Every structure is written in structure tokens, then in C-alpha cells.
Amino acid sequence: MKIKTVTEKVMNTVFFACGIVAIACVVIITGYMLYAGLPAIFKIGPAKFLFGTEWASTAAEPKFGILPFILTSVYGTAGATLIGVPIGLLTAVFLSKVAPKKLANAVRPAVELLAGIPSVVYGLIGMMVLVPFVAKTFNLANGTSLFAAILVLAVMILPSIINVSETALNAVPPEYEEASLALGATKMETIFKVSIPAAKSGIAAGVVLGIGRAIGEAMAVMMVAGNVANMPELFTSVTFLTTAVSKEMSYSAGLQREALFSIALVLFCFIMLINFLLNALLKHKKGGR
Amino acid sequence: MKKLIAIVLTAAMAATLLAGCGGAASSSAPSAGSSAAGQAALSGKVATNGSTSMEKVIGALAEAFMMENGGVDVTYDPTGSGAGITAATEGTADIGLSSRGLKDSETGLTAITVALDGIAIIVNNNNPIADLTVEQIKGLANGEVTNWKEVGGKDAPVVMIGREAGSGTRDGFESIIDVKDSCKYAQELTATGAIIAAVAANENAIGYASLSAVDDTVKAITVEGVEASETTVQDGSYKVQRPFNFVVKEGAEQSAAVKAFIEFAESKEAADIIIAAGAVPLAK
């Protein structure tokens, strides 16, 4: 009896300690990002930093405007979502409602495999296959572009969207669908007018998860986007927030290095925002039930 | 658990003991040998400060030097050539590092060239261009020349591929070709290997890379008729090069460690280290 209570207590402490580790990491990272990122923003001037359109960190008169990076990240993520969401959602519908069991069981592992491919592999294939393809198709001198990055990101966010949406679609109570079918609606009408609306908060969570992945991706994007600090256009070489940090970090010094931390801080804020959105969606879903 | 800790601690202690012995043995041996040659065991600090392009060379030299002289601590502060020369003038660093020659206004200093930095200009193997002048390269780099036919090539757009801001090779290329801050890149990549791969993949590309890194997947063009090679960099005929200089104050008292480090950097054995770090040693 006594040993039992001791074990209980010890295990309680262990669980508590493990919980603290995760929270401590978040707190430390947040604290450090603020500590490392804020000074440079104020040295440069928040407006100049956030809305400046020119980034020339090592020029004789350095310019630290990160608007090109912010816009590129926003456009890139939006573009990837625009392509990825319809494909992902319809794949989820296919897996959950339309496909015969055997086929679904073959497609599902493929989707899961897609999630497990390291981003450097996406980047490599993007660089070797997609970039030359984009250059040829659109008759460009140089294929590395926002467009190529959008295509790579669209594929990368598919698994998040498909997996979460499918779970949400599977969780729609069968009575809803049966009722719809009994009223004379066709199967497709039922899917689009009953199942998807009923699963919408789960689908939205999947989309937000995908957006989070797209905005935080660095490696694959770095290999296909060209990494020049241009204002974003579909077929120019661009730099994302993530790649702006990673490409210059290794040889940076002084204010340039501090500014890179500030970019990371801006990215961190974006990710936080997306996480809050995700939490709100998931809570809403729970509240709705 | 206790046993494990005991074992780890014992191992750690044994290791420190061994390290202590090793240190004592290696530092006593040269001092015994060199005292006969009238030179005490070196100790102290060598503070270097300056060119970010010289990071690799100075890092490799410092590492090798400290391996031989355990008591010396060589520090390096990557600030840029200008700041390095200032530091040498003001005496805040023992050695200023500069990847350019001294200007006329920078007096009272001596520049000791320890290595040369040769940068190859590379194009795709299918590009018919074989030779460019520095002026033509400048035009290609800063966007004044947008089509290869303007420099005698085929009718195709120019794709300029370079390194990221802060890279020593980029700084070298841009300062030698005189396109600092005016280079119009189509791609900025973070490694020499990536540039070579990108130039190999794009028929219209032009890029630059350290001389030592160029392989036959791309074509290194001749600049004003001179092929890029170790020899042409050493004799000065290849134009796209710059010196890696140690800048010291004239008449300043130098510690034995500083003197020894400068001697070491100029020595024959340093040549291999300089080559391994991607630069070209001086002709012997």
C-alpha cells in the first residue's frame, strides 16, 4: 500500500517534470526571440523595418526593409492554399465517402508517405525537375520563382489537409447523410450540402495546419525560390521570411545578424497567430458538439 | 544508477588526467628544444580583426597554429576589411585582416600578403562564350547587359547567379568587378556547390565560384585572355583576384606570439592549409 502511494507520487512528479520541459522550451524560445529580435527593430525603426521595400543588409548603406519577405510569405502561402485546399479536400472526400474500401486503403498510406518525405527531398526534386519545367513551360530565362515555390508548398501541405479533413468527414454522424439520402438527395448532393458543412470546422483546422506548415517551411522553398530580395511577382526570384533568415545567418555580423533575429521574430508572430486561430477553431468544434 | 555515475566520473577523471599529461608533455618538449634555439615557449593572445572573406583562411591557420603552440590563443573578429584596418591602426587588434590593398589614406601600416583569392567566372558548358573582359562581366552582373548576344554569345537572356549577402566570395567578386551593391541577381544561393549546380542546370547562367571549387560540370571562362588557375593568380595576370592581407602597424611592439603567427602564415607549411581553405598561396 505504502509503496503504491510512493510510486504514485514519484510518477506524478515525473509527469509534471516532463510537462514543465515542454512549457519551459516555449517560454525560453519566446523570451529569447523577443530579447534577440526586438532591439534591431527599434534600431532600424519599426515602420522602416516592417514596411521598407528594400533589403540590402551588407551594402555600404544597409537597408533593412522586410516587406518583400512578408508579402512573399503571405502570397506564397495563399497560393499554396489556393491550390492545395481544393485538391486536399476532394481527396479527403474521395477517401472518406467515395472510394471503395480497397482503393482507399491503398491511397491512404500514399498520402501518409507524402507527409513523411523530408522537405529537402521536396526541394531537391523541385530544383532538378520543377524549376527547369517552369522555365520551359513559361518560356522564362530562370525557373526559380514564387510560382515554383507555390507548387512545392501546395504538395507539401496536402497531407495535413487530407488527414485532418478525412478524420472530420468520417466523424460526421451517418444519420445526417442517411436523412439527406432518404429525402431524395443524390450522393454528391449529400456530400457537398451535408457532409462537408457538417465537418467544416475540422476541415478548417486542417487548412490552418497546412498554412502553418507552408509559412514555416524553409529548406524546400530555399531550393526553388531563388532567394533574391525582390518584391514578390509570380515569376521572379523571391525570398520568404524563413529563407531570409537561413540564407544570411552563416556569415552575418552586427546589425545584420540582429535584423535576422527580428525577421525570425516576425515569422514567430505569424506562426503564433496561426496557432491561436487553430486553437480557436478546435475549441469552436468542441463547443459545437 | 550509482554505479553508472561512478563509472562515468572515473572515465572523466581519467580523461582529464590524460589530457593534462598530454598538454604538459607537448608544451614542455618544444620549449626544451627551442630554448636551445633561443626561443621560449609561446603564450599569449593574437587578436585578429577584419575581413569576413578571410574567415576560412584565418580559421584554418589559427587552428593549425594553436595546435602547435598550445599556450597561444588566436582570436578572430569578423568585422570587414575597413574595420580590420582601423583596428590595426588603433591597436585594438594585433593584426588587421584586409582582403584589399591599403588605400593611400591608410598610412603608417604595413600590409603583408599571406594568400590570394582567385574567383573563377563560370558559365554553362553549352554557352559558346569563352572569354570576357572585366568590363563585360561588370555589365552582365549589374544588369546593363541583359542578352548574351551583346557580348558575342547567342540570343538568350542572361541569368546571373551569385552568393548570399555576407558571403566572402560575393564580396570578392563584387569588389573586384566593381559592382558592389549594384549586382542584379536572378538567384542567390548559399553555397559554392549550389552555384555550380545551378549554372550547370541553366544554359543562360553566369556565376562565380572559388577557384578551387570549379569542376568540369561548368566552364570557367578566360578573363581578358587569361585562364583562371593557381599560376595565373600567383603571377597576377588573372584579373579576378584580390590579396588576403595581414595589416600591422608600423613600429608597433609585437609580442612573440604575434610575430610567430605572422611567420607561420607566410611559411611553406601554411601553403597547404591555405589551399585547403579555398585560397591560393603565394608563389614560392
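Only a predicted model underlies this, so the values are computations on that prediction, with no experimental measurement involved. (Residues numbered from 1 in each chain as written. Chains lettered and ligands numbered in written order. Predicted model: local features only at pLDDT ≥ 70, side-chain atom pairs only at ≥ 80, totals over all residues.)

Bringing the packing of helix α6 (residues 146–170) of chain A against helix α9 (residues 200–216) of chain A into the picture now. Residue and element names in this part refer to chain A. Viewed as axis vectors pointing N to C, α6 and α9 meet at an angle of 155°, and their least axial separation amounts to 8 Å. Relative to α9, the element α6 lies roughly antiparallel. Seen along the crossing, α6 lies across α9 with a hand that is right-handed. Packed against α6, whose contacting residues are L153, M156, I157, S160, I161, V164, S165, T167 and A168, the element α9 presents G202, I203, A205, G206, V207, L209, G210, R213 and A214 at the interface. Residue composition of the contact of α6 with α9, grouped by class: 11 nonpolar, six polar and one charged. (Axes fitted to C-alpha atoms, helices over the stretch in contact; angles between N-to-C directions. Helix = DSSP H or I, 4+ residues; strand = E, 2+ residues; numbered from the N terminus. Parallel < 35°, antiparallel > 145°, perpendicular 65-115°, else oblique. Left-handed = near helix turned anticlockwise from the far one by under 90°. Contact = placed C-beta atoms within 7 Å. Nonpolar A, V, L, I, M, F, W, Y, C, P; charged D, E, K, R; others polar.)

Let's shift gears to the interface of chain A and chain B. Listed per partner, the contact involves 19 residues of chain A and 19 residues of chain B. Considered class by class, the residues forming the side of chain A that touches chain B number eight nonpolar, nine polar and two charged.

Attention now moves to helix α11 (residues 241–248) of chain A. Counting buried positions along α11(A) gives seven out of eight residues, so the element sits mostly inside the fold. Burial in α11(A) covers these residues: A:L241, A:T242, A:T243, A:A244, A:V245, A:K247 and A:E248. (Buried ≥ 20, exposed ≤ 12 C-beta atoms within 10 Å, placed from the backbone.)

A separate point is the nonpolar core. Counting residues in each nonpolar core, the largest one holds 145 residues, and the members touching the most others are A:V152, A:V224 and A:I263. Among the elements that take part in this core, α6(A) stands out by supplying 17 residues, more than any other. (Core = buried A, V, L, I, M, F, W, Y, C linked by C-beta atoms within 7 Å.)

All names here are of chain B. The two faces of strand β3 (residues 95–98) match: I95 and L97 on one face and G96 and S98 on the other face are all buried. Sheet topology note: the strand β1 (residues 44–50)/β3 ladder contains three bridges and is parallel. Along β3, the bridge assignment pairs G50 with L97. (Pairing = 2+ DSSP bridges.)

The next point concerns the environment of A:G116. Residues and elements named next belong to chain A. Looking at the element boundaries, G116 is found in helix α4 (residues 101–116). C-beta crowding within 10 Å serves as the criterion here: with 7 such atoms nearby, G116 is assigned to the exposed category. Sequence-wise, G116 and M156 are 40 residues apart; in three dimensions their C-alpha atoms are separated by 9.9 Å.

Glancing now at helix α4 (residues 134–142) of chain B. In an α-helix, one full turn covers 3.6 residues, which means residues spaced three or four apart are oriented alike. Residues and elements named next belong to chain B. For α4, every residue scored as buried is listed here: I137, L140 and A141. An end-on view of α4 places all buried positions within 95° of arc, on one side of the element. Looking at the residues trailing α4, positive phi occurs at G143, about 90°. (Arc of directions from axis to C-beta.)

For the rest of this paragraph, the subject is the confidence of the model for chain B. Mean pLDDT over chain B stands at 83; residues scoring 70 or higher make up 86%. Note on residues 17–39 of chain B: pLDDT is under 50 here. Beyond four places in sequence and across chains, it has 10 contacts. (pLDDT = per-residue confidence, 0-100.)

A few words on the environment of A:A99. All names here are of chain A. Among the secondary structure elements, A99 is positioned in the loop between α3 (67–98) and α4. A99 gets classed as partly exposed once you count the C-beta atoms within 10 Å, which come to 16. Beyond its immediate sequence surroundings of up to four residues, A99 is in contact with F94, A104 and V107.

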